[in-house]
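So the chains spell out like this:
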Amino acid sequence: MKRFSLVEFSVDHPWLIISIIAIITLGFAVQFPKITIDTDPKNMLPATSDVRVYNDSVEKDFALHKDTIVLGIVNKNGIFNQTTPGKIVRITDEILKLKGVAVKDVTSFSTVDNVVANAEGISVQPLMADVPKTEQEMAVFKKSIYDNPLIVDRLISKDATTTAIYIPLEPGANGKEIADKLKEIISVPHPSLPNKGEGTEGGGYREEKGDEEYYVAGDPVARDTFGAEMFKQMGLFSPIAGMVMMIVLYLLFGNFGLISSVMAVAMISVVWSMGLLIGLGYPVHIMSSMIPVFLMAIATDSIHIFNEFYFRFRELKDKKPAVLDTMKVVGQPVKYTALATAAGFGVLAIMHIIPVKVFGIFIAFGTIVIRLMSFSLIPAVMMLVNENKILTASSGEDEAENRTARVLRSFGAIGTHQSRTTVIAGIIVLILAVVGISKINLNNNMVNWFKKGSDVREADRIINEKLGGTALGYVVAVSEEDDFIKKPDTLRYIESIQRDMEKLPNVGKTFSVVDYVKRISRVFNNNDPAFDKVPDTKEAIAQYLFMFSMSAKPSDMDNVVDYPFRKANIWVQLKTWDANAMQGVIDRVKAFTASHQLPGAEFKPAGTAYFNFVWNNEVLYDMLKGFILALIIVFIILVFNFRSFKWAIIAYMPLLFTIATIYGVVGFIGKDFDMPISVLSCLSLGMAVDFAIHFISRFRRRMEENQKQEVRSKKQEENLASGHLPLDSSLLTDSLLWTAARPGKGIIRNAVLFAAAFSAMIFAPLTPYVTVGLFIASMMFLSALMSIIYLPALIVMFRRWLL
């Protein structure tokens with residue numbers, strides 16, 4: 001019984017194949033309306049991860065909010081004037097009306113508490129109960145602010161040009177939506193304050209215009225704005241990339257029928273993969289949003305089929321045998337490139353980061369879909385294209401006459417005729433790449449995922465320059481002893497840690513229960529600076545904290561201590577969202593506690609900045625582990641593909657060279673090794689192996705055919721029968737140059753196609769897309785050149801070992 005062949009069935013029943021694929025695609029497409037989006041980096045880690053569990057417990061212990069937006073208000077002429085304080089009050093009042101805002105904990109001049117002296121001792125009252133109206137009132141107000149170290153660098157800059165409103169969000173609130181509403185508040189007319197035209201027809205409204213500039217920053221703003229922009233860019237640049245691909249494909253092959261099948265394969269893989277992801281209930285995360293980009297890149301491997309088909313059809317002039325012969329020749333390399341790529345991504349499924357798992361699984365699934373289409377849809381479409389049009393389009397496909405083929409043959413000649421020089425040059429580049437890799441800095445900063453000059457990045461920069469910082473972390477003092485925090489030695493120790501952390505360049509402000517105690521001590525003692533210190537007795541500290549808790553908002557105390565007074569929370573404002581900034585805080589605290597002991601206490605990091613630090617390390621190291629494992633699996637696949645350990649090593653060289661060179665450049669130019677770059681390592685693995693498999697598979701086949709033709713003597717025939725083929729340098733050279741010119745044309749077409757399509761992403765406003773576009777273009781050309789120039793050099797140098 002004849003063995004079933006999907007290619008032959010597709011060739012004989014093209015419309016049936018197309019109809020079946022269309023129905024299945026429709027089934028996946030109907031899942032898209034169920035899409036859910038999750039851009040919260042916290043969900044990169046499982047809910048049971050140590051850092052999420054601990055952060056949740058800290059937020060519960062200290063009544064903290066997960067997300068806070070910072071509204072910066074800058075007046076270069078100074079905040080303390082006749083109009084700016086009034087605007088701050090009005091804006092704060094409008095913010096308190098917004099849905100999703102934790103109203104009780106909004107902090108601004110008009111809501112923050114200030115500790116002052118009264119006849120009974122102390123009282124806590126709003127810092128700005130009424131807007132100062134006279135110069136004298138303004139001077140008193142200004143003095144009250146700068147006399148309070150809790151407020152300086154947090155609510156007011158030292159140069160008095162910048163203030164901030166801190167806006168904590170309720171769970172589930174969308175940071176971008178709140179930010180957009182804030183922009184409406186500060187940019188449209190409001191009836192809260194009259195303008196100069198009050199009393200006249202059309203009067204009664206006042207726009208917030210003047211010398212003030214407004215900046216909205218904070219982790220939820222960056223995160224949710226990135227999420228919204230991410231899908232806009234996917235919606236914009238995916239079609240642009242597809243359009244460029246169509247144009248380039250037409251220039252390469254000159255037949256819309258054939259090139260439309262390449263695009264159909266890419267789109268089908270995206271629809272099937274994303275439809276399955278959505279249908280199974282997975283949210284689309286930052287990483288999974290890149291699945292369409294990667295699948296479009298992988299789908300271009302189908303170009304090797306058309307490249308060979310044009311050559312075959314020009315030789316045979318008969319469509320069906322040309323299709324069958326093409327698939328027979330390229331079928332195995334196409335199959336194994338798919339297997340290597342799927343394995344490279346599929347290995348991520350064993351990682352413990354959920355979005356990394358999802359990313360790897362569905363890229364692997366999409367790769368399998370692409371290969372299924374290569375053996376079904378593409379042959380079916382080939383059979384439906386008019387033969388005359390194919391003949392016209394393929395008329396220039398001759399490796400001896402075609403200009404591109406001649407250029408590629410000359411490139412192959414470089415490695416073939418100057419193998420030693422080529423290999424030595426590659427080794428030198430590799431050594432330099434290793435030096436560059438040693439300079440790589442592992443870091444993530446979502447704010448830097450926006451281009452310089454963007455609203456998000458500019459707001460973050462300006463607020464960080466003027467105030468304590470938009471990135472918030474905590475250092476929690478923990479003891480098993482009740483009232484441990486009330487001990488003078490404990491508070492002095494905490495104060496010493498604060499002063500030590502503040503020496504770090506990225507730490508802009510710290511505050512804790514110590515700052516409240518010192519403030520109360522000073523106010524309680526007639527505002528005498530000599531009492532701006534921690535009291536000497538536990539009883540005095542307890543009295544001050546009791547008085548404060550009776551007058552202040554509950555959150556003022558809740559945010560810095562727990563009520564058995566076993567724990568104290570130090571707020572650490574950082575001037576950057578770099579994960580490495582929190583690493584510096586952690587290292588500083590460890591060094592301090594190691595050299596200055598506080599018996600009975602330990603200090604633990606927490607907060608959003610700490611989570612970003614852990615997330616950075618977890619994701620990047622998880623990707624690194626997965627990548628190393630993928631390298632091992634891909635090597636095993638190469639061994640099975642070539643049935644040779646030696647050829648697997650040779651095919652592995654372009655992969656290692658490409659990856660090392662790209663990451664060496666990353667190190668030399670000083671770019672952080674962040675999540676987008678780590679994801680690209682998987683793609684570089686797939687593409688470099690792809691080209692090497694095609695080149696070596698076709699070279700070995702050509703070499704074998706040439707060797708068989710050279711059999712002349714009986715002895716050679718006996719060698720042939722025993723599996724020993726004659727090694728002839730002229731045959732070797734001819735085979736290598738033929739491979740560089742003919743299959744190499746498919747390789748270079750693949751590289752040009754995707755480099756052109758994804759170069760458009762360089763103009764995207766989000767830097768991860770710029771990175772993807774730039775790196776894919778560089779990666780494709782480097783991998784192609786390595787295959788066409790470096791592989792021939794390696795084969796010639798090690799020809800006796802290999803052949």
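Residues numbered from 1 in each chain as written. Predicted model: local features only at pLDDT ≥ 70, side-chain atom pairs only at ≥ 80, totals over all residues. Heavy atoms only, no water.

So, the overall build of the chain
Okay, so step 1: Within the chain one finds 30 helices and nine strands.
Okay, so step 2: Principal-axis analysis of the C-alpha atoms gives the chain an extent of 120 × 70 × 50 Å.
Okay, so step 3: When the 803 residues of the chain are sorted by exposure, 58% land in the buried category.
Okay, so step 4: Here the contacts in the chain between residues at least 6 apart in sequence split such that 80% fall between residues at least 24 apart.
Okay, so step 5: Per element, the accessible surface of the chain, about 33,100 Å² overall, is 59% carbon and sulfur.
Okay, so step 6: Taking the 81 positively charged and 79 negatively charged side chains of the chain as two groups, their mean positions are separated by 9 Å. (Helix = DSSP H or I, 4+ residues; strand = E, 2+ residues; numbered from the N terminus. Buried < 20%, exposed > 50% of the residue type's maximum accessible area, 1.4 Å probe, protein only. Contact = heavy atoms within 4.5 Å. Areas by Shrake-Rupley, 256 points an atom, 1.4 Å probe, with all protein chains shown as cover. Lys, Arg positive; Asp, Glu negative; His and termini not counted. Charge placed at Lys NZ, Arg CZ, Asp CG, Glu CD.)

What about the pattern of salt bridges?
Okay, so step 1: Applying the stated criterion to the full structure yields 27 salt bridges.
Okay, so step 2: K486 is the salt-bridge partner of D483, the closest N and O atoms lying 3.4 Å from each other.
Okay, so step 3: In this structure K486 comes out as buried when scored by relative accessible area, which is 14%.
Okay, so step 4: Linked by salt bridges that have partners in common, D67, D219, R223 and D224 make up one network. (Salt bridge = Lys/Arg side-chain N within 4 Å of Asp/Glu carboxyl O.)

Digging into the sheet that holds strand β7 (residues 507–511)
Okay, so step 1: Read across the sheet, four strands follow the order β7-β8-β6-β9 without closing on themselves; strand pairing throughout is antiparallel. Strand pairing shows two members of the sheet lacking a second neighbour, β7 and β9 (602–606), which therefore form its edges. On average, each strand axis in the sheet is inclined to that of its neighbour by 25°, with strand direction left out of account.
Okay, so step 2: Taken together, the eight bridges between strand β6 (residues 471–478) and strand β8 (residues 567–574) define a ladder with antiparallel strand orientation. (Pairing = 2+ DSSP bridges. Axes fitted to C-alpha atoms, helices over the stretch in contact; angles between N-to-C directions.)

Looking at the packing of aromatic side chains
Okay, so step 1: Taken as a whole and judged by the stated rule, the model has 25 aromatic pairs.
Okay, so step 2: Ring centres of F109 and F141 lie 5.5 Å apart, and the angle between their planes is 85°; on these two criteria the pair is classed as edge-to-face. Residue F109 is found in the loop between α4 (84–95) and β2 (113–118), and its partner F141 is found in helix α5 (residues 135–146); the two are separated by 32 residues along the sequence.
Okay, so step 3: Residue classification places F109 among the buried residues on the basis of a relative accessible area of 1%.
Okay, so step 4: Residue F141 is classed as buried on the basis of its relative accessible area, which comes to 6%. (Phe/Tyr/Trp six-rings, centres within 6.5 Å; stacked < 30°, edge-to-face > 60°.)

Quick notes on the side chain of E212
Okay, so step 1: Looking at the element boundaries, E212 is found in strand β5 (residues 212–217).
Okay, so step 2: Within the local environment of E212, its side chain forms a polar contact with the side chain of T84, the two groups lying 2.5 Å apart.
Okay, so step 3: Setting aside its immediate chain neighbours within four residues, E212 contacts I73, V74, N75, T83, T84 and K87. (Polar contact = N/O pair within 3.5 Å; in protein donor to acceptor, adjacent residues only side chain to side chain.)

Things to note about the sheet that holds β5
Okay, so step 1: Spatially, the three strands line up as an open sheet ordered β4-β1-β5, and their pairing is antiparallel. Single-partner strands in this sheet number two, and they are β4 (162–168) and β5. The average angle at which neighbouring strand axes cross in this sheet is 20°, direction not considered.
Okay, so step 2: Strand direction decides the pairing type here: strand β1 (residues 68–75) and β5, joined by six bridges, are antiparallel. Bridged to V70 within β5 is A217.

Overview of the packing of helix α15 (residues 403–417) against helix α27 (residues 729–741)
Okay, so step 1: Direction vectors running N to C along α15 and α27 enclose 140°, while the axes themselves pass 7 Å from each other. As judged from the angle between their axes, α15 and α27 are oblique. In this structure, α15 crosses over α27, and the sense of that crossing is right-handed. Where α15 approaches α27, its residues A405, L408, R409, G412, A413, T416 and H417 are matched on the opposing element by T733, L736, L737, W738, A740 and A741.
Okay, so step 2: Here the residues of the contact of α15 with α27 are counted per class, giving eight nonpolar, four polar and one charged. (Parallel < 35°, antiparallel > 145°, perpendicular 65-115°, else oblique. Left-handed = near helix turned anticlockwise from the far one by under 90°. Nonpolar A, V, L, I, M, F, W, Y, C, P; charged D, E, K, R; others polar.)

Overview of unusual backbone geometry
Okay, so step 1: The residue K317 is not glycine, and still its phi comes out positive at about 60°.
Okay, so step 2: Even without being a glycine, F565 presents a positive backbone phi close to 55°.
Okay, so step 3: Among the structural elements, F565 can be located in the loop between α21 (554–558) and β8.
Okay, so step 4: Accessibility expressed as a relative area gives 7% for F565, which makes it buried.

Concerning helix α6 (residues 175–187)
Okay, so step 1: For α6, built from 13 residues, the straight-helix expectation of 18 Å at 1.5 Å per residue is met to within 8% by its first-to-last C-alpha distance of 18 Å.
Okay, so step 2: Inspection of α6 places G175, K176, I178, A179, L182, I185 and I186 among the buried residues, and these make up the whole buried set.
Okay, so step 3: Those residues of α6 that are buried lie in contact with β1, α4, β4, β5 and α7 (219–253).
Okay, so step 4: Capping the start of α6 is the job of one residue whose side-chain oxygen sits 3.0 Å from the backbone nitrogen of K176: N174. (Expected span 1.5 Å × (residues − 1).)

Observations regarding the confidence of the model for the chain
Okay, so step 1: Residues at a pLDDT of 70 or more form 91% of the chain, whose mean pLDDT is 84.
Okay, so step 2: Across residues 189–207 the pLDDT falls below 50, and counting only partners more than four positions away or on other chains, this stretch makes 32 contacts in the model. (pLDDT = per-residue confidence, 0-100.)

Details of helix α10 (residues 303–316)
Okay, so step 1: Compared with an ideal rise of 1.5 Å per residue, which puts 14 residues at 20 Å, α10 spans 20 Å between its outermost C-alpha atoms and is within 8% of the ideal.
Okay, so step 2: Buried residues dominate α10, accounting for 11 of its 14 residues.
Okay, so step 3: Every buried residue of α10 is accounted for by I303, H304, I305, F306, N307, E308, F309, Y310, F311, R312 and F313.
Okay, so step 4: Looking one or two places after α10, you find K317, whose phi comes out positive at around 60°.

A word on the environment of Q543
Okay, so step 1: Structurally, the position occupied by Q543 is in helix α20 (residues 538–551).
Okay, so step 2: The spatial distance from the C-alpha of Q543 to the C-alpha of V517 is 9.8 Å, given a sequence separation of 26 residues.

Digging into the packing of α6 against α7
Okay, so step 1: Close contact between α6 and α7 brings their axes to 7 Å; oriented N to C, the two are set at 105°. Of the possible angle classes, the one that applies to α6 and α7 is roughly perpendicular. Listed contacts from α7 to G175, K176 and A179 of α6 are P220, V221, D224, T225 and A228.
Okay, so step 2: In terms of residue class, the contact of α6 with α7 is built from four nonpolar, two polar and two charged.

Let's talk about a nonpolar patch on the surface
Okay, so step 1: Taken together, I424, I427, I428, I431, L432, V435, V665, F668 and I669 make up a surface patch of nonpolar side chains, about 830 Å² in accessible area.
Okay, so step 2: Put simply, the parts of the chain that give the nonpolar patch at least two residues each are α16 (419–437) and α24 (645–669).
Okay, so step 3: Counting residues per element, the nonpolar patch draws most heavily on α16, at six residues.
Okay, so step 4: By secondary structure assignment, the location of V665 is in helix α24.
Okay, so step 5: Exposure remark for V665: the relative accessible area of 43% places this residue in the partly exposed category. (Patch = residues over 30% accessible without salt bridge, like charges linked within 9 Å, V, L, I, M, F, W, Y side chains within 5 Å.)

Quick word on the nonpolar core
Okay, so step 1: Counting residues in hydrophobic clusters, the biggest one holds 256 residues, and the most contacted among them are I95, F109 and V585.
Okay, so step 2: Counting residues per element, this core draws most heavily on helix α23 (residues 608–642), at 16 residues.
Okay, so step 3: Not counting the four nearest positions on each side in its chain, F109 is found in contact with I79, I88, L127, M128, F141, I145, L155, I156 and T163. (Core = buried A, V, L, I, M, F, W, Y, C linked by side-chain atoms within 4.5 Å.)

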